[in-house]
Amino acid sequence: MRILGIESSCDETAAAVVQDGRQVLSNVIATSLEEHKLYGGVVPEIASRRHAESISGVVRQALADANCDMSGIDAIAVTYAPGLIGALLVGVNFAKGLSMATNTPLVPVHHLRSHVAANYITGDLQPPFLCLVVSGGHSHIVAVEDYTTYKVLGKTRDDAAGEALDKAGRTLGLPYPGGISIDKIAPTGDENAFAFPHPRLDTPYDFSFSGLKTAVINTVHRMEQKGETLPVADLAASFQKGVTDCLVEKLEKAATDYGYTSIALAGGVSANSRLRRETDRLCRQKGWQLHLPALKYCGDNGAMVGAQGY
Ligand code: KG4
Ligand code: ZN
């Protein structure tokens, strides 16, 4: 079965053709990231306009790269939520039109489920497993019981991990998106230079990153007021340690309490090298099996939508 996956929830206009849920025949991504850099974050109206301009070309290219046309497509899967409403509307309406015009079934797909499904195209992972889904807008610990049954065990009370990293990056004067910039610069800094607060919550699998974010902002302001030179790499490394330690600690607790030995990461932040390293260390120590999406499938893409659509 061949599925055309379409994604437009944020700043990536993406389409892919996926066979039998796991084999990627094509994967095309156009991004408006460069334009958002000017503003230090995604501007929804700009994202929507770029989606509208790019989507037909991106879908056409995905079909061409897979060497097929719509007659070779069994279903269209499209991201319906969550995301920027204007951005989502472009993908959903394009998919609806294409579905009606070509008499092809339409499958609505949840964006976070797609991130989880990025693991299916990377390896031979099968449910049940426990997944840490960390993106720009969400931080969830999800028990994936089967391909369509999910239980959210914990989530962030405030900022998502990616959002916190992006805001910290901006405070440190690093290029947008801060998550990627912090990951790049952190290896040149001392991650123990600053001890940022480690939140204690009464719900065991939930996260909170707003205190950590405020702490880095306050530290930066204090140093600037004193005229001190900012140790950007040390601050970035320490902040990244703070965020990733919280994520790994809660993941360990949830896996232990619920008895999961198959663990996966998903979402844009799952590209983070320290998070991947520390989760790998944890899983080796515990004898758990770890599944990591390939780097090119961590961020938003159409292949993961095709996989989850299947
Ligand atoms: O999943 P995604 O592409 O879009 C959403 O669904 O939100 O995630 C984007 C987030 C951004 O916050 C970005 O800074 C973060 O993923 N990100 C990273 C890395 N690559 C992307 N965060 C830390 N380290 C990275 N290498
Ligand atoms: Zn995403």
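The shown structure was predicted, so the numbers you read here are calculated from the model rather than taken from an experiment.

Asks: Provide a residue-level description of the site of ligand 1, including the pertinent values.
Replies: The immediate surroundings of ligand 1 are formed by 19 residues, with His115, Gly136, Asp166, Asp183 and Gly268 found nearest. Note that an oxygen atom of ligand 1 is positioned 3.0 Å from one of the side-chain N or O atoms of histidine 115. Here an oxygen atom of ligand 1 and a side-chain polar atom of aspartate 166 are 2.6 Å apart. Within the complex, the protein chains bury 85% of what would otherwise be the 550 Å² of accessible surface of ligand 1. The cavity where ligand 1 resides is the largest pocket. Listed by contribution, the elements that provide at least two residues to the shell around ligand 1 are helix H4 (111–122), helix H5 (161–171) and helix H6 (178–185).

Asks: So what's going on with the nonpolar core? Residues and values would help.
Replies: The biggest cluster of nonpolar side chains holds 40 residues, and the ones touching the most others in it are Leu130, Leu132, Phe209, Phe239 and Leu247. Breaking this core down by element, the ones donating at least two residues are strand S6 (129–134), strand S7 (139–146), H5, helix H7 (210–225), helix H8 (232–258), strand S9 (262–266) and helix H9 (273–286). The biggest single contributor to this core is H8, with eleven residues. One finds Ala16, Ala118, Leu125 and Tyr150 within the second-largest nonpolar core, a separate group that totals 26 residues.

Asks: Tell me what's going on with the pairing of strand S4 (residues 75–81), and back it up with residues and numbers.
Replies: Burial of S4 is extensive: five of the seven residues sit out of reach of the surface. Bridge analysis of strand S1 (residues 2–7) against S4 gives four bridges, and the strand direction is parallel. Following the sheet pairing, glycine 5 is matched in S4 by alanine 77. Here S4 runs beside strand S5 (residues 106–110); their pairing, made up of five bridges, is parallel.

Thresholds applied
Residues numbered from 1 in each chain as written. Chains lettered and ligands numbered in written order. Predicted model: local features only at pLDDT ≥ 70, side-chain atom pairs only at ≥ 80, totals over all residues. Heavy atoms only, no water. Near = heavy atom within 4 Å. Polar contact = N/O pair within 3.5 Å; in protein donor to acceptor, adjacent residues only side chain to side chain. Areas by Shrake-Rupley, 256 points an atom, 1.4 Å probe, with all protein chains shown as cover. 1 Å grid on protein atoms, 1.4 Å probe; cavity = no way out; pocket = protein on both sides within 12 Å on 5 of 7 lines; lining within 4 Å. Sits in = over half its atoms within 2 Å of the grid points. Helix = DSSP H or I, 4+ residues; strand = E, 2+ residues; numbered from the N terminus. Core = buried A, V, L, I, M, F, W, Y, C linked by side-chain atoms within 4.5 Å. Buried < 20%, exposed > 50% of the residue type's maximum accessible area, 1.4 Å probe, protein only. Pairing = 2+ DSSP bridges.

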